[in-house]
Amino acid sequence: MAALRTVAGLLGASLLLAQSPAAKAEDRALLVGIGTYENLPEDMYLHGPKNDVKAIEGLLTGTLSFKPQAIRVLTDDKASREAILSSVDEWLIAGTVPGDRIYFYFSGHGLQVKDVSKDEEDGMDEALSTYDIKAGEADWTNVILDDDLEALLEKMKGRAVTLVIDACHSGTISRALSAEKLSGMSGARYLPRPFAQASKDKVTRGLRIDLGVVDKPAELTAAGVTAWSAAAPYQVAWDDVRLPIEDRHGVFTSAYVAGYKPSESDGNANGLVSNAELFQYVTTKSKEYCSAQENCDNLDPQLESVPGVLGTSVAKPERYRTEQTATGTAQEQGKPEPMYQETKVDAEAATAYVDADPVAAIGDIIGKADTGEVTVSLDTGVALKKGQPFKISVTSKYDGFLILLDVNGKGVATQIFPNEMAQKITPLSAGSTLTIPDDYYGFDFEADGSGENMLVAIVVSDDLDLQDVAPAAQGLNTELDARKRLSEIVAKLGKTWTGDTENRGLRWSLGTLKYTIE
């Protein structure tokens, strides 16, 4: 008889740290906001950047505990190409050492220029505008290329680097959006190439898929960079034109700053706002804006990081009260436990925080709320006795590929589905119910262990290859590190989907069920 096991054991020691004092980190931030330009006409000016940098500065000195003297701000005529690059070099890089925190923020126009280094598949380099940007004979000059930034980020290895870009770096859209066409798209944070002509062809997706100005996100994130971008490749970022001109912000920046408040984005109400929860919040707010604007087709913010970053807090969380149980809180039982634990997701990264309870941490890792699109149930109800047989049923509102995990209170996950015992692995059909195990399996599940557990069902509607994160061979019997495996799955679901004409976020749904074994 197979059993759905709650295996005793500890979360992998590679993730959690001993509770030892962390070295005091040096903080350095550079905030760049450019709304006016020396050589551009006023109809290409942006109204949001000056307010954006003030909002980010408030976030840094408040929630993120940066000292005011650790922040350098460059706006408009102070933000020339030379000033920006020299500040990154001498302020952020020379002023820090491995183990320190670095925060770089940019608000303004994004653009593309012809690739002269021959390292781009589509022949174009992504770039950031500067105050002194100007049109050359065939292209923009005085810009900051993705190659420039990548070389500087390489020098930041060992630091905990946060890169936030509220601009866009569209690919084939640069061939379809002329200056004439963009003039009717108020608030678009994108500069067409000089002398570009409007195209009558339908905009189709390009060859390259990467994050904004970061061409090699895997290498950079592994080195400690967490990168946020306002839009997916080939999408346009926006000033919020719903606001009065003097009060405007970038749509992304406004949501990003607001999302640091637990009251806004803490989906599992544990007092900790994780990177995944913040990402889902800014995605929701961005889509709400886009759906109300005539010229906005899709708006999908991007987050590139090592998977382990997803479930960590964006800031030091406030302590929160443990839930009352029939036997009282852990403190009342004389077993004081931390509400959160310090962790490092990279050997050289700064200290971060995760929920100490692996079951409660599931919401932090996934970020997305359970809206009922996927329902999970047990034929026995949610209170089981040890040794009691049971079946699991999953129903989805949408067609899709199912991943079903069971997570216990020790941080161990069992992959229930897919598995090699199932007669066939096929996508769920919308509205139909999958019951595990069915008669074909030839055995029952039996409750094992004790305590609180959670079933997590993820249904992926796009035809995404998930073999690397959920192979059938590991189903039912392999003990998995719940935090690590969930983080890897969710990180993959955060990628840009390129299977349609327009790039967009992947479509997936979530269902959870908390149950107990006595």
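Position labels on residues start from 1 in each chain and follow its written sequence. With pLDDT at 70 or above as the cut-off, local features in this predicted model cover only qualifying residues; side-chain atom pairs require 80 or more to be listed or tallied, and sums for whole chains, interfaces and linings still use all residues. Water and hydrogen atoms were dropped before computing side-chain values, which therefore reflect all heavy atoms in the structure.

**Notes on the nonpolar core**
What counts, and what does not: What we call a nonpolar core is a set of buried Ala, Val, Leu, Ile, Met, Phe, Trp, Tyr and Cys residues that are connected through their side-chain atoms within 4.5 Å. The cut-offs for exposure are 20% and 50% of the maximum accessible area for each residue type, with area from a 1.4 Å probe on protein chains only; residues under the lower value are buried, those over the upper are exposed, and the others partly exposed. Secondary structure elements follow DSSP: runs of H or I of four or more residues count as helices, runs of E of two or more count as strands, with numbering from the N terminus. Any two residues having at least one pair of non-hydrogen atoms within 4.5 Å are treated as being in contact.
Ranked by size, the top nonpolar core spans 65 residues in total, and within it Leu-31, Leu-60, Tyr-103, Trp-228, Tyr-256 and Ile-458 carry the most contacts. In terms of residues, this core owes the most to one element, helix α8 (residues 275-291), which gives seven residues. In contact with Tyr-103, not counting residues within four places along its chain, are Arg-28, Ala-29, Leu-30, Leu-31, Ile-56, Leu-60, Leu-64, Phe-66, Leu-92, Thr-162, Val-164 and Tyr-256. By size, the runner-up hydrophobic cluster in this structure holds 38 residues, among which are Phe-104, Leu-153, Met-156 and Ala-227.

**Quick word on helix α3 (residues 146-154)**
Convention followed: Directions from the helix axis toward the C-beta atoms define the arc.
Every buried residue belonging to α3 is among Asp-146, Leu-149, Glu-150, Leu-152 and Leu-153, and all of these are buried. Angularly, the buried residues of α3 cover 165° about the axis, an arc narrow enough to put them on a single face.

**Some points on the sheet that holds strand β16 (residues 383-384)**
To keep things clear, this is the line we draw: Following DSSP output, two strands are said to pair if at least two bridges run between them.
With mixed pairing, six strands are arranged side by side in an open sheet as β16-β27-β23-β19-β20-β24. The sheet is open, and its two borders are formed by β16 and β24 (480-481), each paired with just one other strand. When strand β23 (residues 451-460) meets strand β27 (residues 508-517), the two strands line up antiparallel, connected through ten bridges. Looking across to β27, one finds that Met-454 is bridged to Lys-514.

**Brief notes about the packing of aromatic side chains**
Formally: Any pair of Phe, Tyr and Trp rings, taking the six-membered ring for Trp, is counted once the centres come within 6.5 Å. Such a pair is stacked with planes under 30 degrees apart, edge-to-face with planes over 60 apart, and tilted for the rest.
The tally for this structure, following the rule as stated, stands at nine aromatic pairs. Ring centres of Phe-390 and Phe-445 lie 5.8 Å apart, and the angle between their planes is 45°; this geometry places the pair in the tilted category. Here Phe-390, found in strand β17 (residues 389-390), pairs with Phe-445, found in strand β22 (residues 445-446); they are 55 residues apart in sequence, far enough to count as distant. For Phe-390, a relative accessible area of 3% corresponds to the buried category. On the accessibility criterion, Phe-445 (2% relative accessible area) is buried. An angle of 40° between the planes, with centres 6.4 Å apart, marks the rings of Phe-443 and Phe-445 as tilted. Residue Phe-443 is classed as buried on the basis of its relative accessible area, which comes to 17%.

**Observations concerning the side chain of Thr-253**
This is how the line gets drawn: Whenever two N or O atoms come within 3.5 Å, that pair is a polar contact, provided that in protein one can donate a hydrogen and the other can accept it, and provided that, for residues adjacent in sequence, both atoms are side-chain atoms.
Checked against the element boundaries, Thr-253 lands in helix α6 (residues 251-258). In terms of polar contacts, Thr-253 uses its side chain to reach the side chain of Tyr-105, at 2.5 Å. Discounting residues that sit within four places of it in the chain, Thr-253 has contacts with Asp-52, Ile-56, Tyr-105 and Asp-166.

**Focus: the packing of α6 against α8**
Which entries qualify depends on this criterion: The convention used is that axes are lines fitted to C-alpha atoms, helices contributing only their stretch in contact, and that angles between N-to-C directions extend from 0 to 180 degrees. Convention used here: angles under 35 degrees read as roughly parallel, angles over 145 as roughly antiparallel, angles from 65 to 115 as roughly perpendicular, and any remaining angle as oblique. The hand of a helix crossing depends on one turn: near helix anticlockwise from the far one by less than a right angle means left-handed, and clockwise means right-handed.
Orientation of α6 relative to α8, taken along the N-to-C sense of each, is 140°, at an axis distance of 9 Å. With respect to their mutual orientation, α6 and α8 come out oblique. Relative to α8, the crossing made by α6 is right-handed. On α8, the residues touching Val-251, Phe-252, Ala-255, Tyr-256 and Ala-258 of α6 are Leu-278, Tyr-281, Val-282, Lys-285, Ser-286 and Tyr-289.

**Focus on unusual backbone geometry**
Here Phe-417 and Pro-418 are connected by a cis peptide whose omega angle stands at 5°. Within the secondary structure, Pro-418 sits in the loop between β20 (412-417) and β21 (433-436). Ile-436 connects to Pro-437 through a cis peptide bond whose omega is -5°. For Pro-437, the position within the fold is in the loop between β21 and β22. Unlike most non-glycine residues, Asn-142 shows phi in positive territory, near 60°. Note on placement: Asn-142 falls in the loop between β7 (140-141) and β8 (144-145). Non-glycine residue Ala-269 carries a positive phi angle of around 55°.

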